[in-house]
Structures are given as structure tokens and as C-alpha cells.
Amino acid sequence: MGLFRRKKKKEHVNDHDPVLRWLTVDEAIAYSSGDTSVLEKAVGKIAYEYKILARELSEKQEEIKQDYTLDTELLGDVKRFEMLPEKSRANIVDEARLIMNLGDERTRFLNQEKKITGEQKRSMAQYDALLPEKLEEIRQKEEYLLLVEEDMRKLEGEKGILAYERERAVEKRRFLSKFSAFVAAAALLIFILLLVLMKNGNDKLMPAFFVTGVAVIGFALYYFISMRECAAIIHKCDISTNRAQQLLNKVKIKYVNTSSTLQYMYEKYHVKGYSELKNTWEEYVHEKESEKMYASNTRLLAGYEQTLLDDLHKAGFIHPQPLVTQPEILFNRGELLRYKQSLEESREKLRTMLDDGMRQALELKKEIQDARDRYPGCGKLFDGIYE
């Protein structure tokens, strides 16, 4: 704290200082006047906010890295299949055809309408183990996004109220300026008229002369007090508006980040929102359970699936399950190319997102260093951001 006290005189204070968003109006006014006793607490809040942003960015990067690794390994399985010896490949293709035929027979037996697309089904299968947890995460993020939007509306409303109060104060000050000129002119004329009348011997007008003087003095006091109040209101509105704008900018960043994360999840699972994903997941689970039930009654199908899985494992496939679940990929060249293209496009998007994340991480580190430099007396508060 000694170092903080020695440094505080060197720190420049203005109405655009980002620390103001963490202060109340009274604290912000005191801080703008040079009182830095509340600075360390406010800077601590800034450092904590940076820590949250850094952690969220790191978690998002880690999730994207995992998805990128998975897509890379799945692409490796595709290339591994394409490079198999002709005999091994023909054996796997035959097994896939049998599985596909048995599956078609079962589908015809079930005779039920499919409510999810093949792309959605592949997505559900690919992220089967993660989706129950991700469903809750998406629901929470959508609720959080609604709260952020509500905060944005409130801040916009607050800005509108402040703008209205400031405009009223400006209009009142303008009116007082014009009215004071009129009062001054009228008072001067009255004084001149009274002086002329009293000079001609009309001494009875002396009380009127003094009453007029007292009225002028009273109006002058009212004028100066009102002008001072208007100036104080305008100054307070300017500070509050600046604080509201800074908070709004911060909320907008949270809105953009949350929207971006949700959009990424929607694209990842091929849905438009939590409700659709929940319905898709429930339908997928229903279909999966139905398939398991009928597969358990069809030993031949189960046997071929296990044989194919074992053969793919022996051939060195890292993730053979998606291929067993979608055997048409193994014998239908068009499906194989579409599957491969889908993985390549997904991986390219993830690569771009990883690069963007790295750039954001560098920008965040620079912003944190700038904040550290801006408040040198509070450097220790930034040390634990990346712990």
C-alpha cells in the first residue's frame, strides 16, 4: 500500500479512465477529483474480470483443440481405409454391405419416420458422450444471453434518461440566461424611472426603489444558484453517461462472446438452438435405443458389427465406431467423399477458430499489460490472472 500511495500522484485521471465503470457515481466523482483511495479495489475488479475472460478463452480453445484432434483422427481413419490392401478392403466392404442390408431390413420393420437428418445423427454419434453435459451448458448460455440482452436494454434506457435530464438542465440554463437579460433590462428601466420620479420630489417612491432592489438581488441569487445546480446536473450526467457507456461496451463484448460460442455450438451440432438440440438429442437417443433393442434380437447383425469393429481395430483405425454406425461410408464412394469433405471443412473451420483464439489471447495479454502499466501501484493484482 505504501508503493500504491507513492504511485497514485503519477496516475492521470480523466472521465474516460476504464476504472470508472467499477465505481459508483459518488466514487467516480471523488476519483475524478483526485481521490484515489478507492482505486485499488476497483482495479482488483478489473483484474478479476480479466481472469474470467482469460479462463473462458482458454476453455474454449481447449474444446476446439479436442474437436480439431478428433476430426484429424477421423480423417486419418478415412485415409487409412483408402490405403488398405485390396483384399482387406474388400472384406471390410462386404461386412459393411451386410450390416447395411440388415439395417435396412430392420428399418423397414420398424417403419417409423426419422425426425433427425443423417448429418444430425452423425453429429450426435460423434459427440455422444459429451452431449448431455453440453445440453445443459447451451441452456445456461442461452439464459445468460437473455440476461445480457436485458442488461443492454437497461443500460440503453439509463443512457436515455441521463440524456433527457442533461437536456433539461441545458434548456433550463439557456432559459435562465435569456430571462436574466430581460430581468436586468426591466430592473434598469424601473430604477431609472424611480430615480427620475424621486428627483422631481416624489419621495414616497423610496420604498418601491428598495423593494425593486431587493427583488433584483433575490433574482440574482436564484439565478446563480440555479445555474450552479444545472452545471452540477450536467457534470453528473456526463460522468454517469460515460460510466453507462463503458458498462454497455463491456456487456456488448460479453454478448458477442456468448453469441459466438452459441453459434459455434449450433453449427457443431447442426441445430438452431437449445430446444431443437434437445429434441434432436432425445430423438437420437430414442432411435439409438430402438436400434440397440432390435440389434440385440438380431444376433447376426450384432455379430457382423462386432466383426467389422474388430477388423477396423486390427487395421489400425483410431475411431472405428462412426464407420460401424454408418457402414454406407465404407462401400458408397459418394458417401465416403461427402464424409471426408465434411471432416476437412470442419477441421479447417476449427483451425481458423484456433488461430483467432490465439490472436485474441495475445490481444488480451497486451490489454492486461496495458492495464498493469496504467496502474503501476496495483501490479500484484494482475499476477494471478493466468494461474
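Please refer to the structure placed before this passage.
Read on for a plain summary of the structure. Note that the structure is a prediction, hence the values are computed from the model and not measured. (Residues numbered from 1 in each chain as written. Predicted model: local features only at pLDDT ≥ 70, side-chain atom pairs only at ≥ 80, totals over all residues. Heavy atoms only, no water.)

**Points about the nonpolar core**
Counting residues in hydrophobic clusters, the biggest one holds 43 residues, and the most contacted among them are Phe81, Ile138, Tyr269 and Leu277. Per-element tally for this core: the top contributor is helix 3 (residues 39-82), with six residues. Setting aside chain neighbours within four positions, we find phenylalanine 81 in contact with Arg89, Ile92, Val93, Phe317, Leu330 and Leu336. (Core = buried A, V, L, I, M, F, W, Y, C linked by side-chain atoms within 4.5 Å. Buried < 20%, exposed > 50% of the residue type's maximum accessible area, 1.4 Å probe, protein only. Helix = DSSP H or I, 4+ residues; strand = E, 2+ residues; numbered from the N terminus. Contact = heavy atoms within 4.5 Å.)

**Side note on helix 5 (residues 118-126)**
Restricting attention to buried positions, one finds in helix 5 the residues Gln120, Ser123 and Met124. One face of helix 5 carries all of its buried residues, which in axial projection span an arc of 100°. (Arc of directions from axis to C-beta.)

**So, the packing of aromatic side chains**
Aromatic ring pairs are described here by two measures, namely the spacing of the ring centres and the angle between the planes. Counted under the stated rule, the structure contains three aromatic pairs. Ring geometry for phenylalanine 175 versus phenylalanine 179: centroids 5.6 Å apart, planes at 10°, classification stacked. One end of the pair is phenylalanine 175 and the other is phenylalanine 179, both in helix 6 (residues 131-199) and four residues apart, which spans about a single turn. Classification of phenylalanine 179 as partly exposed rests on a relative accessible area of 34%. Relative to phenylalanine 224, the ring of tyrosine 223 lies with its centre 5.3 Å away and its plane at 75°, an arrangement referred to as edge-to-face. Take phenylalanine 224: its relative accessible area is 57%, and that puts it in the exposed class. Here the basic side chain of arginine 89 rests over the ring of phenylalanine 81, its NZ or CZ set 4.9 Å away from the ring centre. (Phe/Tyr/Trp six-rings, centres within 6.5 Å; stacked < 30°, edge-to-face > 60°. Lys NZ or Arg CZ within 6 Å of the ring centre and 35° of its normal.)

**Concerning the pattern of salt bridges**
Considering all chains together, one arrives at 18 salt bridges under this definition. When the shortest N-O distance is used, the salt bridge between lysine 340 and glutamate 82 registers 3.5 Å. Remark: glutamate 82 occurs in helix 3 and lysine 340 occurs in helix 12 (residues 333-374); sequence separation between them is 258 residues. In this structure, the salt-bridge partner of arginine 351 is aspartate 355, at a minimum N-O distance of 3.1 Å. Note that arginine 351 and aspartate 355 are positioned in helix 12 at a spacing of four residues, about one turn of the helix. On the accessibility criterion, arginine 351 (30% relative accessible area) is partly exposed. Taken together, the salt bridges that share partners define one network made up of Glu63, Asp67, Lys134, Glu137 and Lys268. (Salt bridge = Lys/Arg side-chain N within 4 Å of Asp/Glu carboxyl O.)

Remember, this is a structural readout, not a statement about activity or role.
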